[in-house]
Amino acid sequence: MTYEQVTEATAALSLKPQALKRQPLKRNFSLDKLYPSFKVQPHIGTEFAKEVKIRDLLNAPNTDELFLDLAVLIAERNVAFFRDQDLTWDEQKEFADRLGRASGKPPTSGLHSHPISESSDEFGDKNYAINSELGKKFAKLRDEVRTELHSSAWHSDVTFEVVTPDYTVLRLRELPPEGGDTLWASAFELYERLSPAFAAFLEGLTATHTGDGFIALNKAGLVSINPGPRGAPEDVGTHLSTSHPVIRTNPITGWKGVFVNHGFTRRINELSKDESDAVLKHLFNLYTQNHDLQVRFKWNKHDVAVWDNRSSVHAATRDFEDHWTRVGERSASLGEAPYFDPASTSRRQALGIPPPPARRAHLASLADK
Ligand SMILES: [Fe+2]
């Protein structure tokens, strides 16, 4: 079955083409000559050569051109890795914010202040500390409300906020000698695993995202919740709950992704609880059980990962906590409130890539009818 036949079959089940609300951005490829990179996996993840330094990008004569190219590259590839970066905390914050600004985020969206981060912290309230010792302190409470499956760790950052991060930057400065890898999965590729009829069904739906783990920690007296604004005027209050579309359009690529995650998505609003539980479980299973849409990163000290939080989920691996600690800082640029544009397309459709092998027989059967 050709890609064109699949596209025709898919189009017959979906909406007619319309103009996009926002025109996608294209790469200008200004990075490629001086800042080489390679694809880590076919569908997700790009790693820059180890001599590439973020500080050089920040100070280059054509820095605006480079940041635009990098913002589009990360949006298309979901996550990028930079090895051994000697970055100050101020440079890390600037790096995150400039990616969002270069790609046209709303002027009112700044850097996120995590609801449980403290302004008295060494790095201030624009930081979210990744500290496994802190994690262990909270573990008992967290485990009371979670499954024992390690896959429960998959999430997108702070999707209980009205305005969610576009780009998140994490640098680790204290590492275990083994373990502690982070995995990312592509929401674009997850969308490709839906039948056309199921995708069309999901495109009309919204889901409630709640930071109930942080609310429970607050009730237990372990943390206080910053009522905001937490980096954008929309991100206020201590309820830590909002609704987002289940299928989200990435404004940079114009591609559709599935915007639900284990960490914070609690209910598809238009469905009964039983229906919602069944659909969410299926969607979560699609990204944990398809390892061809994942990339796994083994950290070295001072490595930096930067991901497009709109169209990916990620999970840390807690396989070291009995013996070692893992410490770093996360800075997150806030983007736009998530939206679904019916005129957007799937990634494979836009790039002319045939559907995933496991879907082809089903799509071929639709084309034959
Ligand atoms: Fe995270």
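An unreviewed UniProt entry lists the chain under the name Taurine catabolism dioxygenase, from Rhizoclosmatium globosum. Turning to the chain, the UniProt annotation filed under Sequence similarities (unreviewed entry) states: "Belongs to the TfdA dioxygenase family."

Draft legend 1. The overall build of the chain, seen in detail. If you tally the helices and strands in the chain, you get 11 helices and 15 strands. Computed over its C-alpha atoms, the radius of gyration of the chain comes to 20 Å, within 12% of the 21 Å expected for a compact globule of 369 residues. Dimensions of the chain along its principal axes, counting C-alpha atoms only, are 65 × 50 × 40 Å. For the chain, the proportion of its 369 residues judged to be buried stands at 55%. For the chain, the share of sequence-separated contacts (at least 6 apart) that also reach a separation of at least 24 residues comes to 84%. For the chain, the accessible area works out to roughly 16,200 Å², and carbon and sulfur atoms hold 54% of it.

Draft legend 2. Focus on the nonpolar core. If you look at the biggest cluster of nonpolar residues, it comprises 29 residues, and the most contacted ones within it are Phe 48, Leu 70, Phe 82, Phe 95 and Leu 99. Where this core is concerned, the elements lending two or more residues are α2 (54–59), α3 (63–77), β3 (79–82), α4 (89–102), β5 (165–174) and β13 (304–308). Ranked by residue count, the leading element in this core is α3, at eight residues. Once you skip the residues sitting within four places of it in the chain, Phe 95 turns out to touch Ile 54, Leu 58, Phe 67, Leu 70, Phe 82, Val 169 and Val 306. Core analysis: the next-biggest nonpolar cluster, separate from the first, contains 26 residues, Val 260, Val 313, Ala 315 and Phe 340 among them.

Draft legend 3. Just the environment of Thr 88, in detail. The residue Thr 88 is located in the loop between β3 and α4 in this model. Residues Thr 88 and Arg 55 lie 33 residues apart in sequence; the distance between their C-alpha atoms is 9.3 Å.

Draft legend 4. Structural detail: the packing of aromatic side chains. What the rule picks out here adds up to 14 aromatic pairs. Plain terms: the ring middles of Phe 82 and Phe 95 are 5.9 Å apart, the flat faces sit at 90 degrees to each other, and that makes the pair edge-to-face. Within this pair, whereas Phe 82 is found in strand β3, its partner Phe 95 is found in helix α4, the two being separated by 13 residues in sequence. Exposure class is identical for Phe 82 and Phe 95. Each is buried. By the ring-pair criterion, three or more aromatic residues cluster together here, those being Phe 81, Trp 184, Phe 297, Trp 299 and Trp 307. Of note, Arg 248 hangs over the ring of Phe 259, and the distance from its end group to the ring centre comes to 4.6 Å. Over the aromatic face of Tyr 167 sits the side chain of Arg 310, whose NZ or CZ is 5.0 Å from the ring centroid.

Draft legend 5. Quick peek at the sheet that holds strand β4 (residues 128–131). The seven strands are arranged β1-β2-β3-β13-β5-β15-β4 in an open sheet whose pairing can be described as mixed. Looking at strand neighbours, the two that pair on one side only are β1 (37–39) and β4, the edges of this open sheet. Between one strand axis and the next, the sheet turns through 20 degrees on average, direction left out of account. Pairing geometry for β1 and strand β2 (residues 46–48), over three bridges, is antiparallel.

Draft legend 6. Fine view of unusual backbone geometry. In this chain, Gly 228 is followed by Pro 229 through a cis amide linkage whose omega measures 5 degrees. Unlike most non-glycine residues, Asn 78 shows phi in positive territory, near 75 degrees. Mapped onto the secondary structure, Asn 78 falls in the loop between α3 and β3. Judged by its relative accessible area of 0%, Asn 78 falls in the buried class. Of note, the phi angle at Asp 84 is positive, near 50 degrees, even though the residue is not glycine. Here Asp 84 shows up in the loop between β3 and α4.

Draft legend 7. Here's a closer look at the confidence of the model for the chain. In the predicted model, the chain carries a mean pLDDT of 91, and 91% of its residues have values of at least 70. In this model residues 12–16 is a low-confidence stretch, pLDDT under 50, and it forms four contacts with partners more than four residues away in sequence or in other chains.

Draft legend 8. Geometry of the packing of α3 against α4. It is at 8 Å that the axes of α3 and α4 come closest, and there the two elements cross at 85 degrees. With respect to α4, the element α3 is oriented roughly perpendicular. Residues Thr 63, Asp 64, Phe 67, Leu 68, Leu 70, Ala 71 and Ile 74 of α3 pack against Phe 95, Arg 98, Leu 99 and Ala 102 of α4. Partitioning the contact of α3 with α4 into residue classes produces eight nonpolar, one polar and two charged.

Draft legend 9. Here's a closer look at the sheet that holds strand β8 (residues 241–245). Read across the sheet, three strands follow the order β8-β7-β11 without closing on themselves; strand pairing throughout is antiparallel. Both outer strands of the open sheet, β8 and β11 (265–268), are each paired with one neighbouring strand and no more. Each strand axis lies, on average, 30 degrees off the axis of its neighbour in the sheet, ignoring direction. Sheet analysis places strand β7 (residues 206–210) next to β11, joined by three bridges and oriented antiparallel. Each residue of the ladder has a partner; that of Thr 208, found in β11, is Arg 267.

Draft legend 10. Broad picture of the environment of Leu 58. Here Leu 58 is to be found in helix α2. Sequence separation between Leu 58 and Glu 91 is 33 residues; the distance between their C-alpha atoms is 8.2 Å. Excluding anything up to four places from it in sequence, Leu 58 contacts Thr 63, Phe 67, Glu 91, Glu 94, Phe 95 and Arg 98.

What counts and what doesn't
Residues numbered from 1 in each chain as written. Predicted model: local features only at pLDDT ≥ 70, side-chain atom pairs only at ≥ 80, totals over all residues. Heavy atoms only, no water. UniProt positions renumbered as here; feature names shortened; annotations may be inferred. Helix = DSSP H or I, 4+ residues; strand = E, 2+ residues; numbered from the N terminus. Rg over C-alpha atoms; globule rule 2.2 N^0.38 Å. Buried < 20%, exposed > 50% of the residue type's maximum accessible area, 1.4 Å probe, protein only. Contact = heavy atoms within 4.5 Å. Areas by Shrake-Rupley, 256 points an atom, 1.4 Å probe, with all protein chains shown as cover. Core = buried A, V, L, I, M, F, W, Y, C linked by side-chain atoms within 4.5 Å. Phe/Tyr/Trp six-rings, centres within 6.5 Å; stacked < 30°, edge-to-face > 60°. Lys NZ or Arg CZ within 6 Å of the ring centre and 35° of its normal. Pairing = 2+ DSSP bridges. Axes fitted to C-alpha atoms, helices over the stretch in contact; angles between N-to-C directions. pLDDT = per-residue confidence, 0-100. Parallel < 35°, antiparallel > 145°, perpendicular 65-115°, else oblique. Nonpolar A, V, L, I, M, F, W, Y, C, P; charged D, E, K, R; others polar.

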